[in-house]
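Coordinate analysis (summary)
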Amino acid sequence: MKLVFATNNQHKLDEVQKITAGHTEIVSLAAIDCHDDIPETADTLEGNALQKARYIKDKFGYDCFADDTGLEVEALNNAPGVYSARYAGPGHDSEANMKKLLREMEGMENRKARFRTVIALILDGKEYLFEGIVNGQITKDKRGTSGFGYDPIFMPDNHTKTFAEMGNDIKNTISHRAEAVKKLSAFLSTLSE
């Protein structure tokens, strides 16, 4: 089976290809010659994931899936949430996003947070949603150099390292995206039996 992953993020593509290896070929937007700036204007993660998947299905005709991920911080009423990638303004500036979040959390005792990923799959004309969640804490400063996004300031529960300190091999087994992709992968593997 071959599916288009509606992303231009190479980190995400690599992560998903490793998890689904063996039963599903995952191809990038570049592989279908899509260089569009796909809209993400919904006010929920589910809405954005569906919007991106529908865009690819409608314009290019491929079965596909898309994801959207948000960091939800309890003390900030689950902000930045759906606005995580552009929290500090347009341009997906991870450094600025982390600085803004840490600044807003100065002096706060409650540092509980969770990463949530929603994957929308369009396959044979039907739509499916898969969700992955990892709970953790926002650290008081940045730690580690691997990963991307908020990884240097997010430490998952039952761990002593941030996502950026633990490295991609470990992170990719416990992350929110890994959980959602495992659910997607399990679903796809039942179709190929």
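Look above for the structure.
These remarks concern the structure in this document. (Residues numbered from 1 in each chain as written. Predicted model: local features only at pLDDT ≥ 70, side-chain atom pairs only at ≥ 80, totals over all residues. Heavy atoms only, no water.)

1. Considerations on the pairing of strand β6 (residues 126-138)
- In this structure, strand β5 (residues 112-123) lies alongside β6, joined through 12 bridges in antiparallel fashion. Within the sheet, the bridge partner assigned to I122 lies in β6 and is E127.
- Joining the antiparallel neighbours β5 and β6 is a turn of two residues, in which D124 adopts a positive phi near 50°.
- The pairing of β6 with strand β7 (residues 154-156) spans three bridges and is antiparallel. Residue pairing for β7: G136 is matched across the bridge by P156. (Pairing = 2+ DSSP bridges. Helix = DSSP H or I, 4+ residues; strand = E, 2+ residues; numbered from the N terminus.)

2. Remarks on the nonpolar core
- Grouped together as the largest cluster of nonpolar side chains are 18 residues, with contacts concentrated most on V4, L29, I32, A53 and I56.
- Of all elements in the fold, only α2 (45-60), β3 (64-73) and β5 reach the threshold of two or more residues within this core.
- It is α2 that provides the largest number of residues to this core, a total of five residues.
- With near-sequence residues (within four places) excluded, I56 lies in contact with V4, A6, L29, I32, C34, I38, G61, Y62 and C64.
- Counting 17 residues, the second largest nonpolar core, distinct from the first, contains L102, V134, I153 and M166. (Core = buried A, V, L, I, M, F, W, Y, C linked by side-chain atoms within 4.5 Å. Buried < 20%, exposed > 50% of the residue type's maximum accessible area, 1.4 Å probe, protein only. Contact = heavy atoms within 4.5 Å.)

3. A look at the packing of helix α4 (residues 163-174) against helix α5 (residues 176-191)
- The contact between α4 and α5 brings their axes to 8 Å, and the two run at 10°. Taken together, α4 and α5 sit at an angle that is classed as roughly parallel. The residues of α5 that touch α4, namely those facing F163, N172, T173 and I174, are H176, A178, E179 and K182. (Axes fitted to C-alpha atoms, helices over the stretch in contact; angles between N-to-C directions. Parallel < 35°, antiparallel > 145°, perpendicular 65-115°, else oblique.)

4. Overview of the layout of surface pockets
- Considered as a void within the structure, the largest pocket measures approximately 760 Å³ in volume.
- Along the walls of the largest pocket sit 32 residues, with N9, K12, E40, A85 and H92 positioned nearest its centre.
- The set of elements that each furnish at least two residues to the lining of the largest pocket consists of α1 (10-20), β3, α3 (94-104) and α5.
- Of the residues forming the lining of the largest pocket, the biggest block, four residues, is contributed by β3.
- The class makeup of the residues in the lining of the largest pocket is nine nonpolar, 12 polar and 11 charged. (1 Å grid on protein atoms, 1.4 Å probe; cavity = no way out; pocket = protein on both sides within 12 Å on 5 of 7 lines; lining within 4 Å. Points joined across faces, edges and corners; volume = space filled by probe spheres on them. Nonpolar A, V, L, I, M, F, W, Y, C, P; charged D, E, K, R; others polar.)

5. A look at the packing of α1 against α5
- Relative orientation of the contacting elements α1 and α5 amounts to 45°, with a least axis distance of 10 Å. By the angle class used here, α1 and α5 are oblique. α5 is crossed by α1, and the crossing has right-handed handedness. Within the contact between the two elements, α1 uses K12, E15, V16, I19 and T20 and α5 uses R177, A178, V181, K182 and S185.
- By residue class, the composition of the contact of α1 with α5 is four nonpolar, two polar and four charged. (Left-handed = near helix turned anticlockwise from the far one by under 90°.)

6. Describing the environment of L76
- Among the secondary structure elements, L76 is positioned in the loop between β3 and β4 (79-81).
- On the basis of relative accessible area, L76 is assigned to the buried category, the value being 14%.
- The spatial distance from the C-alpha of L76 to the C-alpha of D63 is 37 Å, given a sequence separation of 13 residues.
- Residue contacts for L76: discarding those within four places in its chain leaves Y87, L101, E104, M105 and M108.

7. Focus on α4
- Given a rise of 1.5 Å per residue, 12 residues ought to cover 16 Å, yet the end C-alpha atoms of α4 are separated by just 10 Å, more than 12% below that figure.
- The complete set of buried residues in α4 reads F163, A164, M166, G167, K171 and N172.
- Against the buried residues of α4 lie α1, β5, β6, β7 and α5. (Expected span 1.5 Å × (residues − 1).)

Purely geometric stuff here, so don't read any function into it on its own.
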